[in-house]
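Residues per chain, in single letters:
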Amino acid sequence: MTDRDTPAAPEDPQPGAPAPHAPAQAVGTPTAVVTPRADEDLAARRTRRRKAALRWSAAALVCALAGTGSALAVTAPERTDIPGLATKSDGRYVFPALTLPPLPSGSAVPRENKSRHAADLRRLLLPAPREAGGSLAPTALPTPAPTVSPTGSAGPSASGTAPALADRVDCTTLLADEKDPAKLRTLLVQYACRAATAREWTASDGTRTRIRLMAFGSSKEAWPVFVELRDHGHPKDIDGLGSVTPPDWDMLYGVNFVVRETPPGAPGTQPAARLAYLSAGDIVAVITMTNPEGVSAAAFQQVVTFQSALLA
């Protein structure tokens, strides 16, 4: 064999050139190598994430429970019992539920200012509020006293427990409240005052309240007494009473009233005395409220309107 027939030896590849027939490796595709250290890091990250999720869930649950507890603590008790949320009192009192007394058999409910009240006058008197030691427990009113027939036999017997009543007083005892009772005394005799009752209390704020009721035979007999008190009435222990513009109160039909009060001692203060005269059919009422520190307008309106509701 000649040198011409001898195959040429392959030339050495250039430095950095790929070897002949070597498979080409994709550019940008690194070969992932998983080691035990990588597994440990991945497990640690997952553990941290789970713990963080548990912590946030626990924090959210605590906040929800705290918010629910706060809401219950605020809404469960009365607003006035919560420090910081209690509304400042405007002087109004807490009275028991007012209930009209039962009427004797065959008696009609007074429906206009000319009607006569058939109920016991003492049961038409406003009760004392809680602030004056009054009871808020409902009182079961008894059946009215049985009527007696001409033959002397009584009707059905009365049942129930009698509630605490105000005292009956003589009509003339009310004259002791007036500075000049001469004219009023004459009218009480002339128009035959038939019954009278009175109630007094002193509330925890120092306000003294006096209520007087006088009953006559008809509205025509009661009206002149109301006019005398309205125009010339003057309690002996109160000085400086003056008439005021009739307040725009939501009074019941059939009740006439006039309000008088002392001038305030200083700007922004309440009058030391407020007085109201009421006329409701055959009944005349006198309401007097006094307090050296000032009589609350809200409490005065409350007492007058509640007493009017029992008489209307």
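The structure under discussion appears in the preceding block.
Residues numbered from 1 in each chain as written. Predicted model: local features only at pLDDT ≥ 70, side-chain atom pairs only at ≥ 80, totals over all residues. Heavy atoms only, no water.

Draft legend 1. Structural context of the nonpolar core. In this structure, Y93, I211, L213, I287, M289, F300 and V303 are the most contacted members of the largest nonpolar core, which totals 30 residues. The element that contributes the greatest number of residues to this core is helix 4 (residues 297-311), accounting for six residues. In this structure, L175, F216, L241 and V258 belong to the second largest nonpolar core, which totals 22 residues. (Core = buried A, V, L, I, M, F, W, Y, C linked by side-chain atoms within 4.5 Å. Buried < 20%, exposed > 50% of the residue type's maximum accessible area, 1.4 Å probe, protein only. Helix = DSSP H or I, 4+ residues; strand = E, 2+ residues; numbered from the N terminus.)

Draft legend 2. The arrangement of the sheet that holds strand 2 (residues 195-202) in detail. Strand order across the open sheet formed by seven strands is 1-2-3-7-6-5-4, with antiparallel pairing between neighbours. Of all the strands in the sheet, the pair left with one neighbour each is strand 1 (168-169) and strand 4 (242-243). As paired elements, strand 5 (residues 256-261) and strand 6 (residues 273-280) share six bridges and run antiparallel to each other. Across the sheet, F257 pairs through a bridge with L278, a residue of strand 6. Sheet contacts for helix 4: strand 2, strand 3 (208-215), strand 5, strand 6 and strand 7 (283-290); angle to strand 6, the most-contacted strand, approximately 15°. (Pairing = 2+ DSSP bridges. Contact = heavy atoms within 4.5 Å. Axes fitted to C-alpha atoms, helices over the stretch in contact; angles between N-to-C directions.)

Draft legend 3. View of the pattern of salt bridges. For the structure on display, the rule yields eleven salt bridges. The shortest N-O distance in the salt bridge between D120 and R122 comes to 2.9 Å. Across the pair K179 and D239 runs a salt bridge, and its minimum N-O distance is 3.2 Å. Highlighted residues: K179 in the loop between strand 1 and helix 2 (182-190) and D239 in the loop between helix 3 (219-232) and strand 4, separated in sequence by 60 residues. The class for K179 is partly exposed, based on a relative accessible area of 44%. Take D239: its relative accessible area is 59%, and that puts it in the exposed class. Within this structure, D177, E200, R208, R210, R212 and D237 form a network of salt bridges that share partners. (Salt bridge = Lys/Arg side-chain N within 4 Å of Asp/Glu carboxyl O.)

Draft legend 4. Broad picture of a positive patch on the surface. A grouping of R45, R46, R48, R49 and R50 is seen on the molecular surface, where their side chains present a positively charged patch. Here R49 lies in helix 1 (residues 36-75). (Patch = residues over 30% accessible without salt bridge, like charges linked within 9 Å, V, L, I, M, F, W, Y side chains within 5 Å. Areas by Shrake-Rupley, 256 points an atom, 1.4 Å probe, with all protein chains shown as cover. Lys, Arg positive; Asp, Glu negative; His and termini not counted. Charge placed at Lys NZ, Arg CZ, Asp CG, Glu CD.)

Draft legend 5. How the structure looks around unusual backbone geometry. Within the chain, A192 stands out as a residue other than glycine whose phi angle is a positive 55°. Residue class for A192 comes out partly exposed when judged on its relative accessible area of 39%.

Draft legend 6. Quick look at the state of the cysteines. Counted according to the given criterion, the structure contains one disulfide. Put simply, C171 and C193 are joined by a disulfide, and their sulfur atoms are 2.0 Å apart. Taking the sign of the S-S torsion, about -65° here, the bridge from C171 to C193 comes out left-handed. Linking C171 in the loop between strand 1 and helix 2 with C193 in the loop between helix 2 and strand 2, this pair joins segments that are 22 residues apart in sequence. (Disulfide = S-S within 2.5 Å.)

Draft legend 7. Main features of helix 3. When the terminal C-alpha atoms of helix 3 are compared, their 20 Å separation across 14 residues agrees well with the 20 Å that a helix rising 1.5 Å per residue should span. Within helix 3, the full set of buried residues consists of S219, A222, V225, F226, E228 and L229. Residues of helix 3 that are buried make contact with helix 2, strand 3, strand 5, strand 6 and strand 7. (Expected span 1.5 Å × (residues − 1).)

Draft legend 8. Just the packing of aromatic side chains, in detail. A full pass over the atoms with the stated rule returns four aromatic pairs. Each ring, one from Y93 and one from F95, has its centre 6.3 Å from the other, and the planes form 65°; the classification is edge-to-face. Judged by relative accessible area, F95 falls into the buried class, the value being 11%. With a centroid separation of 6.2 Å and 70° between ring planes, the pair formed by F95 and W201 is classed as edge-to-face. Taken together, the residues F95 in the loop between helix 1 and strand 1 and W201 in strand 2 connect sequence positions 106 residues apart. For the pair F95 and W201, a shared accessibility class is recorded, and that class is buried. One aromatic cluster in this structure is built from Y93, F95, W201 and F306. (Phe/Tyr/Trp six-rings, centres within 6.5 Å; stacked < 30°, edge-to-face > 60°.)

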